[in-house]
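Given next are the chains, with one letter for each unit.
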Amino acid sequence: MTDALHFAWVAEGEAFDATTHARADEALRALRIEAEEGGAPRARVTIANAGHALQGPNGERFVHLSTTLNGSVIPLFHGVLAEVPDGMAGAFLTLLFDSRHGDMNAKTEAALTPYKIAPAYDPLFIVEGEEEDPSEILEGWFARLTVDRLTGAVGVSDGLTGRKSQSFGPETLAEGSIDLTRPQSRPPAWVEGTLDVRWTQRGGGVADIGTLIAREARGALVTLSPPEDFADGWPQAGDRIGGDSGYRVLEGVLVTQEPPALEEAIAANPFARFTEDDRVVTIAAGRGLGTQGDFDFGPTEARSSLFPMGRFAGWMAFAKRAYWPILTLAWSLSQRRKQIAVLRLDSHLAIDFPGPEEGESLSFHLRDVGLGSDPAEEDATTTGPDCDSILSIARNTGASEISETAAVGVTGGAVDGAAIGDTLLGSFLHTSRGRLTLAHMARVLAVRLAFAQRCIRVSARLPGWSAEALSVDLDTTVTLKAATLPGGQATGKVVSVVLSWDETGREVALEIACSIGGGGTMAAPDPGLETLTDAYTDDYAARTGEVWRTELGDHLTLSLGGYDDQLPTDPLAAAATWGAEDLLAGLCLRNLWDEQDAAIWAHRNGGLSPRRLLASVPTDVCLSLRSLAASDQRVHGLTIAAAGRFGLPPTIDLEAPRG
């Protein structure tokens with residue numbers, strides 16, 4: 001059977017059938033099928049201008065192109081008429097058919113879904129609205145989209161190794177057709193990436209300050225002061241502590257603890273006189289005390305010492321008051337943060353190129369990583385606590401044990417173990433999700449170096465057509481063997497293929513891209529260098545269309561050096577882990593009953609009333625809180641080290657002698 005070309009108009013979706021489609025619906029004069037990496041195959045068909053409509057008998061606009069070789073029918077191309085033909089007025093027309101047809105968006109999405117795999121894919125790097133852009137999805141893959149010229153199916157092909165392989169020796173190559181092209185400039189010696197991450201750190205929670213005060217007091221607060229000098233000034237719910245400091249009182253109350261009764265000896269004394277609140281007692285001079293025998297003039301469980309009111313004026317004592325402190329504060333902070341990570345990946349080449357070692361710098365800007373935060377929102381700058389407020393603050397305290405005395409009448413006031421902080425931390429890049437972004441950046445840098453290392457182009461022509469030559473497409477790895485090649489051969493992925501048939505003959509012209517990388521993976525890590533592993537991707541489950549963990553199975557095995565010692569150290573960095581004690585800058589209790597009692601004894605004389613002395617030394621809680629003041633933006637930088645230089649497996653040896 002004579003070799004021939006076939007042209008069959010078909011309906012959309014009609015599969016190729018050698019028995020029905022090996023026909024000549026048009027008179028073919030020439031055929032040229034072209035495919036370039038990154039593009040879709042196209043066919044240019046020159047036919048006789050018969051003057052009829054350019055479609056099938058039933059309006060078909062799709063075509064199956066095939067050939068008969070040595071008695072076998074081989075399909076060549078399937079596509080749809082794409083453009084108005086050239087040469088409408090001449091004897092011949094050139095029709096252009098495109099292999100892309102059908103719902104290309106759906107086909108592309110289906111092909112790319114398996115490649116949405118961390119860390120090669122990371123949606124945080126993709127600008128909103130471009131989530132389905134193939135170049136964005138494949139940015140971390142050493143791969144390109146392909147379109148099958150026989151079916152129009154969309155796939156993804158590795159940049160170094162195709163799913164098919166072919167080998168062509170000298171006997172199949174056109175004499176003198178081998179041509180080797182080096183890059184015009186030296187491949188980049190390195191690629192450096194700078195990752196810019198911004199978010200709003202929002203922290204907040206509830207702090208049980210009352211418990212800390214009780215711990216310092218070893219129980220309830222015991223004072224000789226009347227309520228107007230102490231209890232009436234205790235913060236109330238809704239109060240702001242220290243002005244606009246980020247602290248607000250949720251609950252503030254002093255719960256009165258029932259004190260012991262005054263001694264019967266005083267209470268039963270007919271000369272004793274109590275104030276209306278039964279808290280101050282005076283005893284007339286020369287009466288009672290001097291005739292009652294032994295009497296304790298020092299403090300007791302219920303009262304202060306007995307202080308002389310002046311000559312012949314009698315004695316005075318102050319009853320003790322006890323309060324259990326309840327003070328729960330809501331606190332919050334809002335802080336814009338920016339982290340900058342720099343990673344440089346050095347190229348590992350198999351040969352040295354002349355010229356300077358120049359590189360390439362890339363910048364990456366993540367979407368705002370703060371969940372629920374508005375990057376455009378202006379954060380209010382807060383001020384520190386006002387230390388002249390009712391709760392000022394003065395010194396740090398140890399973890400003294402709380403007294404065995406239990407609080408009386410306290411219900412729901414204390415908050416123990418309340419969550420402090422927010423999931424938005426002071427460092428994004430040290431979280432598991434942040435490490436994933438760094439791994440993705442490293443992948444993108446490796447992809448850039450990989451394509452740069454695949455820089456040697458070898459072209460060849462295969463005269464005549466054979467089934468082997470016609471099977472070559474953009475998903476094929478080809479080995480060319482020729483005496484003019486270094487080492488006698490070159491292996492590479494097909495990046496261009498042309499099938500042609502005209503009056504001068506038939507041939508397949510192809511071009512392959514060969515790698516001059518010096519490795520096959522990252523070089524071995526330096527001794528003692530801690531590297532990241534896949535462990536940080538454990539949080540990502542396998543879900544179609546989302547980031548999940550898997551084995552990558554390609555050439556881009558990467559290891560990054562540890563950077564845990566580069567955590568931010570600013571005052572708000574660890575806000576997410578704060579507890580109530582972390583919010584205290586200082587706490588002291590001044591002039592509880594014993595200090596008041598001692599002060600009155602030290603300054604007593606016949607001319608001063610004990611009441612005036614007591615008023616000069618009121619009980620006070622001195623408290624200062626951690627400042628929640630935020631700057632406009634906190635910037636933290638870190639440098640990530642690669643475990644070694646990156647190099648693809650070499651597929652051509654330029655230093656080898658010609659074969």
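Look up a bit, the structure's there.
Residues numbered from 1 in each chain as written. Predicted model: local features only at pLDDT ≥ 70, side-chain atom pairs only at ≥ 80, totals over all residues. Heavy atoms only, no water.

Q: Hey, could you run me through the overall build of the protein chain in this one?
A: Within the protein chain one finds 9 helices and 28 strands. A buried classification covers 49% of the 659 residues belonging to the protein chain. At a minimum sequence separation of 6, the contacts of the protein chain that also span at least 24 residues come to 78%. If you sum the accessible surface of the protein chain, you get close to 30600 Å²; carbon and sulfur atoms cover 49% of it. (Helix = DSSP H or I, 4+ residues; strand = E, 2+ residues; numbered from the N terminus. Buried < 20%, exposed > 50% of the residue type's maximum accessible area, 1.4 Å probe, protein only. Contact = heavy atoms within 4.5 Å. Areas by Shrake-Rupley, 256 points an atom, 1.4 Å probe, with all protein chains shown as cover.)

Q: What should I look at first to understand the sheet that holds strand 14 (residues 272-274) in this one?
A: Hydrogen bonds between backbone groups are what pair the strands of a sheet, and the pairing can be parallel or antiparallel. The 4 strands are arranged 14-15-17-16 in an open sheet whose pairing can be described as antiparallel. Each having just a single partner strand, strand 14 and strand 16 (307-308) make up the two edges of the open sheet. Relative to strand 17 (residues 315-318), strand 15 (residues 280-283) runs antiparallel, the two sharing 4 bridges. Within the sheet, the bridge partner assigned to Val280 lies in strand 17 and is Phe318. (Pairing = 2+ DSSP bridges.)

Q: Would you mind showing me how to read the environment of Arg248 here?
A: Tracing the sequence through the fold places Arg248 in strand 13 (residues 247-257). Overall, the relative accessible area of 33% leaves Arg248 in the partly exposed class. It is 5.5 Å that separates the C-alpha atoms of Arg248 and Leu329, two residues lying 81 residues apart in sequence. Leave out the neighbours within four places in its chain, and Arg248 touches Gly238, Asp239, Arg240, Thr328, Leu329 and Ala330.

Q: Whenever I open this one, unusual backbone geometry confuses me. Can you help?
A: What you tend to see is this: most non-glycine residues have negative phi, and most peptide bonds are trans. Of the consecutive residues Ala118 and Pro119, the connecting peptide bond is found in the cis state with omega at 0°. Relative to the elements of secondary structure, Pro119 occurs in the loop between helix 2 (104-112) and helix 3 (134-137). Unusually for a residue other than glycine, Asn70 sits at a positive phi of about 50°. Of note, Asn70 is situated in the loop between strand 4 (62-69) and strand 5 (72-81). Accessibility expressed as a relative area gives 74% for Asn70, which makes it exposed. The residue Arg218 is not glycine, and still its phi comes out positive at about 60°. Tracing the backbone through its elements, the reader meets Arg218 in the loop between helix 4 (209-217) and strand 12 (221-223).

Q: Help me understand the pairing of strand 21 (residues 476-481) in this model?
A: For a regular strand, the rule is simple: side chains alternate between the two faces of the sheet. With respect to burial, strand 21 is a largely interior element, 5 of its 6 residues being buried. In this structure, strand 9 (residues 164-168) lies alongside strand 21, joined through 5 bridges in parallel fashion. Pairing of Ser165 across the sheet is with Thr477, part of strand 21. Of the strand pairs in this sheet, strand 21 and strand 22 (residues 489-502) are connected by 5 bridges, and their pairing is antiparallel. Considered in strand 22, the bridge of Val478 is made with Gly492.

Q: What exactly am I supposed to notice about the pattern of salt bridges here?
A: In a structure, side chains of opposite charge can pair up when their charged atoms sit close to one another. Evaluated as defined, the whole model comprises 20 salt bridges. Here Glu37 ties to Arg454 by a salt bridge, and the two come within 2.7 Å at their closest N and O atoms. One end of the pair, Glu37, is in the loop between strand 2 (28-36) and strand 3 (42-48); the other, Arg454, is in the loop between helix 6 (432-453) and strand 20 (456-463), and 417 residues separate them in sequence. The exposure class assigned to Glu37 is partly exposed, which follows from its relative accessible area of 26%. As a salt-bridge pair, Asp620 and Arg590 come within 2.6 Å of each other at their nearest N and O atoms. Of this pair, Asp620 sits in strand 26 (residues 620-625) while Arg590 is found in strand 25 (residues 584-590), placing the two residues 30 residues apart along the sequence. Among the charged side chains, a network of salt bridges with common partners joins Arg42, Asp98 and Arg100. (Salt bridge = Lys/Arg side-chain N within 4 Å of Asp/Glu carboxyl O.)

Q: Got a minute to help me understand the side chain of His636 in this structure?
A: Of note, His636 is situated in strand 27 (residues 634-641). For His636, the side chain forms a polar contact with the main-chain oxygen of Gln566, separated by 2.6 Å. (Polar contact = N/O pair within 3.5 Å; in protein donor to acceptor, adjacent residues only side chain to side chain.)

Q: What am I meant to see in the packing of aromatic side chains here?
A: Each aromatic ring pair is described using two quantities: the centre-to-centre distance and the angle formed by the ring planes. Taken as a whole and assessed by the stated rule, the structure comprises 13 aromatic pairs. A ring pair is formed by Trp331 and Trp578, whose centres lie 5.4 Å apart and whose planes are at 40°; its orientation type is tilted. Residue Trp331 is found in strand 18 (residues 321-346), and its partner Trp578 is found in the loop between strand 24 (521-522) and strand 25; the two are separated by 247 residues along the sequence. Each of the two residues, Trp331 as well as Trp578, counts as buried. Ring pairing ties together the aromatic residues Phe7, Trp9 and Phe97, which thus form one cluster. Lying over the aromatic face of Trp593, Lys320 brings its terminal NZ or CZ to 3.4 Å of the ring centre. The ring of Trp141 has Arg443 sitting right over it, with the charged end atom 5.2 Å from the ring centre. (Phe/Tyr/Trp six-rings, centres within 6.5 Å; stacked < 30°, edge-to-face > 60°. Lys NZ or Arg CZ within 6 Å of the ring centre and 35° of its normal.)

Q: Is there a simple way to explain the environment of Gly505 in this structure?
A: For Gly505, the position within the fold is in strand 23 (residues 505-514). Residue Gly505 is classed as partly exposed on the basis of its relative accessible area, which comes to 29%. When the C-alpha atoms of Gly505 and Trp465 are compared, they prove to be 9.4 Å apart, with 40 residues separating the residues in sequence.

Q: Looking at this structure, how should I read the nonpolar core?
A: Core analysis: the biggest nonpolar cluster contains 51 residues, and Leu31, Phe97, Val458, Trp465, Leu480 and Ile512 have the highest contact counts within it. The dominant element in this core, judged by the number of residues it contributes, is strand 22, at 5 residues. In this structure Val458 touches Ile178, Asp179, Leu180, Leu480, Leu485, Ala490, Leu510, Glu511, Ile512, Cys514 and Ile652, once residues within four positions along its chain are discounted. One finds Phe125, Met441, Tyr563 and Ile640 within the second-largest nonpolar core, a separate group that totals 34 residues. (Core = buried A, V, L, I, M, F, W, Y, C linked by side-chain atoms within 4.5 Å.)

Q: Before we go on, may I ask you to explain the state of the cysteines in this structure?
A: The term disulfide refers to a covalent linkage connecting the sulfur atoms of a pair of cysteines. A complete count under the given rule lists 0 disulfides for this structure. Summary of cysteine pairing: Cys588 is not part of a disulfide, and the nearest cysteine sulfur, belonging to Cys622, is at 3.7 Å. Assessed through its relative accessible area of 9%, Cys588 is described here as buried. (Disulfide = S-S within 2.5 Å.)

Q: How should I be thinking about helix 6 in this particular structure?
A: What sets the pattern is the α-helix's 3.6 residues per turn: residues three or four places apart point alike. In this model helix 6 runs 31 Å from its N-terminal to its C-terminal C-alpha over 22 residues, within 8% of the 32 Å that 1.5 Å per residue would give. Counting buried positions over the 22 residues of helix 6 gives 20, a clear majority of the element. (Expected span 1.5 Å × (residues − 1).)

Q: I would appreciate a short explanation of helix 2 in the present structure.
A: Along helix 2, the residues that are buried comprise Met104, Thr108, Ala111 and Leu112. For helix 2, the angular spread of the buried residues around the axis is 90°, confining them to a single face. Packing partners of the buried residues in helix 2 comprise helix 3, strand 7 (143-147) and strand 8 (154-158). A distance of 3.3 Å separates the backbone nitrogen of Asn105 from a side-chain oxygen at the start of helix 2, and that oxygen is part of Asp103. (Arc of directions from axis to C-beta.)

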